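Overview (structure and organization)
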Protein chains: 2
Amino acid sequence: MDSESKIQGEFVCPVPIERYATVLLAHGGGGKLTHQLIEQLFLPAFGNSLLEERHDGAILNVDSGRIAFTTDSYIIHPLFFPGGDIGSLSINGTVNDLAMCGARPLYLSAGFILEEGLPMDTLRRVVQSMKLAAENAGVRLVTGDTKVVDRGKGDGIFINTAGIGLIESGCHISPANVRPGDRILLSGDIGRHGIAIMAVREGLEFESTIMSDCAALSDIVLSLLATGVEVHCLRDLTRGGLASALIEIAETSSLHFEIHEAEIPVQEDVKGACEILGFDPLYVANEGRFVSFVPANDAERALQRMRAHPLGNQARIIGTVKSDNPGLVTMQSRIGGTRVVDMLSGEQLPRIC
Amino acid sequence: MDSESKIQGEFVCPVPIERYATVLLAHGGGGKLTHQLIEQLFLPAFGNSLLEERHDGAILNVDSGRIAFTTDSYIIHPLFFPGGDIGSLSINGTVNDLAMCGARPLYLSAGFILEEGLPMDTLRRVVQSMKLAAENAGVRLVTGDTKVVDRGKGDGIFINTAGIGLIESGCHISPANVRPGDRILLSGDIGRHGIAIMAVREGLEFESTIMSDCAALSDIVLSLLATGVEVHCLRDLTRGGLASALIEIAETSSLHFEIHEAEIPVQEDVKGACEILGFDPLYVANEGRFVSFVPANDAERALQRMRAHPLGNQARIIGTVKSDNPGLVTMQSRIGGTRVVDMLSGEQLPRIC
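Residues numbered from 1 in each chain as written. Chains lettered and ligands numbered in written order. Predicted model: local features only at pLDDT ≥ 70, side-chain atom pairs only at ≥ 80, totals over all residues. Heavy atoms only, no water.

**Some remarks on the overall build of chain A**
The helix and strand inventory of chain A stands at eight helices and 14 strands. For chain A, the spread of C-alpha atoms along the principal axes amounts to about 95 × 50 × 30 Å. Surface exposure of chain A reaches about 12,600 Å², of which carbon and sulfur atoms provide 49%. For chain A, the separation between the mean place of its 29 positive charges and that of its 44 negative charges on side chains is 1 Å. (Helix = DSSP H or I, 4+ residues; strand = E, 2+ residues; numbered from the N terminus. Areas by Shrake-Rupley, 256 points an atom, 1.4 Å probe, with all protein chains shown as cover. Lys, Arg positive; Asp, Glu negative; His and termini not counted. Charge placed at Lys NZ, Arg CZ, Asp CG, Glu CD.)

Spelled out as structure tokens, the structure:
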């Protein structure tokens, strides 16, 4: 009797994933259940030749040049909100960070930290939303990881995405490249994402549902770059809102930004909600808005191109870069006064992204 | 009075980070405290020209060719263990995934999910450990993100790292490239990481402290590739241990791996601990061990090169690739029987990495 004929074991087909109502610790254990989760839930959603190699990483062919590399973790609460969910947010947020480097987003990784007991259906909805957002943004999810923490040691789903994008143009987009005289363009109204989250979290009712602005900004940014406008800096307005984004860049570039309150669009219902809640829309998070810094003589052309895109149809020139008060952002109010826009200590709303 | 002279605000120097005993929600809010955390804790540890750009992502120059891209989240409990901690693990784990693609690890991202109330000193120790591990592995941390979740919604620190590596040789390392006749080489003894964690977690005392094998494998792998040996596949033996790694590759390649129990080194104290705990060392996680698949006529040369490296001085040829039972891993026991090595449903030890 040779050794082969002694083989007794056989793979038992595991219970289909539909039978599991919730995520178990074993789904993160690297064994059969992890494989089943990958094969029956992740691969059908994200399947592509790179992911299907089932290797420890994805092998990507790149041309010589510059790539952008970024990461963000998403811990938003609640997981679902008007205008998006943690899945679409986790794709769009990282796509946007790549876009802000002037890069065409190409490849994403996804790292899931699931809490034991998470309804499997919630995970499925989130993954489906990631799939759609990735298709919409033209990116491929090429490598991933799933971990499960015990009940009470997480909060449903946390997602980290890292991304790689290709910088195609000769642009050099960086806070260090902002120049005195540059105009500051804002792509649209601010404050919707933060207020949408807050409304769901606190059960607030407004006349109409305030929708998050969550969106992939790569298309509008690439279309702006394609005009040949010399874009000096780009920044999306996430945690800390417009104010924090501008202050960060003012500090890094050691320049003074003067902005005009009257030029900053805020939806009426968002304005009302901010008044009730005691928030300043300047600091409220957005997930589909950005500022761009362009030379004065390119500003009008940049504005027209942004307005031609659905995600920029309310774009405005909101201010000018000066050199007299390095590191400061000042705002001329509607009634003519000027105040310093200071950075908050924390965020008005925790766990907004 | 011009508008400039009306400016009243001034940046108040924030309290130095040493004064914060614990992490606050505001440290993840994107405001002053987040900036302080970055400037006073992360930048001094990881500072490099790419990170200091303070942009939404890092801009990397790449030469035309193949890059590897990978991600892993680390949720290990406890955070500190003999032989490592979540910081060194989060660097070495991702470095190893890149090494398993045959890539030279170059750039890492880091995404922190901190729990409100985490002692600041714990964070500092972890960051210091990441710094040392990154230096040791020759990788640069070039982009990052920090989020804070409310108390009871996380567990101290979770870290995601994604990594980019450059594939320098003409190698094609993939489960799909394993061939019948290939020899299977194991780089050293197995089971130490999992047992080290278990011992700390359960307060078990052994005669000597069992140390995790946590280490960066890039150097030994690159030295193996430099010999010109035609390496067909590499895999590190993390969650699920040696058994799960082999089964995954056997299934993906539709080949049969026959291994020999007598050739698989297990430290005596690890063996003893496994017996007491009812674990099979084949399934226990490692963080500094790997298998390689090489053609039979290259096997001896590969073995000698691995043995010449401190991380491979116990390397062995543990088995052979066959084609007769596609997708199966079988093991000849010390007493001559043969059994199928099956995949476990979950992991014997949750939260091992």
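**Brief notes about the relation of the copies chain B and chain A**
Superposition record for chain B on chain A: RMSD 0.0 Å, screw rotation 180 degrees, translation along axis 0.0 Å. What the superposition gives is, in effect, a two-fold axis relating one chain to the other. Of the interface residues in chain B, 99% have counterparts in chain A that sit at the interface too, so the contact is made through matching surfaces. (Least-squares fit on C-alpha atoms with pLDDT ≥ 70 in both. Contact = heavy atoms within 4.5 Å.)

**As for the domain arrangement of chain A**
Residues and elements named next belong to chain A. What the domain assignment lists for chain A is domain 1 (6–167) and domain 2 (175–340). Distance between the C-alpha centres of domain 1 and domain 2: 30 Å. Opposite the 21 residues of domain 1 that make contact, domain 2 presents 22 residues. Contact between domain 1 and domain 2 buries roughly 1,700 Å² in total, counting both sides, with carbon and sulfur atoms accounting for 67%. Of all residues in domain 1, P82, N96 and M100 bury the most surface against domain 2, accounting for 35% of the area lost on that side. Between domain 1 and domain 2 we count zero salt bridges in total. (Domains from an automatic or database assignment. Buried area = accessible area lost by both parts, 1.4 Å probe. Salt bridge = Lys/Arg side-chain N within 4 Å of Asp/Glu carboxyl O.)

**Some remarks on the interface of chain B and chain A**
With 101 residues of chain B in contact, the opposing surface of chain A contributes 101 residues. D155 of chain A is the salt-bridge partner of K153 of chain B, the closest N and O atoms lying 4.0 Å from each other. Counting every contact that joins chain B to chain A gives 22 residue pairs in polar contact (both at pLDDT 80 or more). Top element by residues in the side of chain B that touches chain A is strand β2 (residues 65–74) of chain B. It accounts for nine residues. The class makeup of the residues in the side of chain B that touches chain A is 36 nonpolar, 38 polar and 27 charged. Both strand β1 (residues 58–62) of chain A and β2 of chain B contribute to a ladder of five bridges, which runs antiparallel. Looking across to β2 of chain B, one finds that N61 of chain A is bridged to R66 of chain B. (Polar contact = N/O pair within 3.5 Å; in protein donor to acceptor, adjacent residues only side chain to side chain. Nonpolar A, V, L, I, M, F, W, Y, C, P; charged D, E, K, R; others polar. Pairing = 2+ DSSP bridges.)

**A closer look at the pattern of salt bridges**
Going through the model one piece at a time under the given rule, you end up with 38 salt bridges over all chains. Measuring nitrogen to oxygen at the nearest pair gives 2.9 Å for the salt bridge that ties D145 of chain B to K147 of chain B. The burial state of D145 of chain B is the same as that of K147 of chain B; both residues are buried. The salt bridge partner of R339 of chain B is D280 of chain B, with a shortest N-O separation of 3.4 Å. Remark: D280 of chain B occurs in the loop between α7 (268–277) and β11 (290–294) and R339 of chain B occurs in strand β14 (residues 338–340); sequence separation between them is 59 residues. Given the relative accessible area of 24%, D280 of chain B is considered partly exposed. Counted as one network, the salt bridges with shared partners bring together D72 and R239 of chain A together with D145 and K147 of chain B. (Buried < 20%, exposed > 50% of the residue type's maximum accessible area, 1.4 Å probe, protein only.)

**Description of the packing of aromatic side chains**
For the structure on display, the rule yields six aromatic pairs over all chains. Arranged with centres 6.4 Å apart and planes meeting at 80 degrees, the rings of F69 of chain A and F69 of chain B form a pair that is edge-to-face. With one member in each of two chains, F69 of chain A in strand β2 (residues 65–74) and F69 of chain B in strand β2 form a pair that bridges those chains. Judged by its relative accessible area of 0%, F69 of chain A falls in the buried class. Between the aromatic rings of F257 of chain B and F293 of chain B, the centroid separation amounts to 5.0 Å while the plane-to-plane angle is 50 degrees, which identifies the pairing as tilted. With F257 of chain B in strand β10 (residues 256–260) and F293 of chain B in strand β11, this pair connects stretches of sequence that are 36 residues apart. Of note, K147 of chain B hangs over the ring of Y74 of chain A, and the distance from its end group to the ring centre comes to 5.6 Å. (Phe/Tyr/Trp six-rings, centres within 6.5 Å; stacked < 30°, edge-to-face > 60°. Lys NZ or Arg CZ within 6 Å of the ring centre and 35° of its normal.)

**Section: the side chain of H232 of chain B**
You can see H232 of chain B is positioned in the loop between α5 (218–226) and β9 (233–236). Side-chain polar atoms of H232 of chain B contact the side chain of D182 of chain B, separated by 2.6 Å.

**Overview of helix α4 (residues 192–202) of chain A**
Residue and element names in this part refer to chain A. Within α4, eight of the 11 residues are buried, leaving the element largely enclosed by the surrounding structure. Within α4, the full set of buried residues consists of R192, H193, G194, I195, A196, I197, M198 and A199. Summarising the contacts, the buried residues of α4 are in contact with β3 (80–81), α2 (86–99) and α7 (268–277). Count one or two residues on from α4 and you reach G203, which has phi positive near 65 degrees.

**Describing the sheet that holds strand β5 (residues 104–115) of chain B**
Working definition: the strands of a sheet are paired by backbone hydrogen bonds and lie parallel or antiparallel to each other. Spatially, five strands are ordered β1(A)-β2(B)-β7(B)-β5(B)-β6(B) in an open sheet, and the strand pairing comes out mixed. A single partner strand is all that each edge strand has here, and the edge strands are β1 of chain A together with β6 (140–149) of chain B. Here the strands of the sheet are splayed against their neighbours by 20 degrees on average, with no regard to which way each runs. (Axes fitted to C-alpha atoms, helices over the stretch in contact; angles between N-to-C directions.)

**Looking at the packing of α2 of chain A against helix α3 (residues 120–137) of chain A**
In helix packing, the relevant descriptors are the interaxial angle and the interaxial distance, both defined with respect to the helix axes. Residue and element names in this part refer to chain A. Put simply, α2 and α3 touch, their axes get as near as 7 Å, and they point 30 degrees apart. Taken together, α2 and α3 sit at an angle that is classed as roughly parallel. The crossing of α2 and α3 is right-handed. Between α2, through I86, G87, S88, S90, I91, N92 and V95, and α3, the contact on the second element is made entirely by V126, S129, M130, A133, A134 and A137. When grouped by side-chain class, the residues that make up the contact of α2 with α3 number eight nonpolar, five polar and no charged. (Parallel < 35°, antiparallel > 145°, perpendicular 65-115°, else oblique. Left-handed = near helix turned anticlockwise from the far one by under 90°.)

**Comments concerning the environment of V15 of chain A**
All names here are of chain A. Mapped onto the elements of the fold, V15 is located in the segment before α1 (32–46). In the structure, V15 is positioned 303 residues away from I318 in sequence and 58 Å away in space, judged by C-alpha atoms. Excluding residues within four positions of it along the chain, V15 makes contact with Y20 and Q36.

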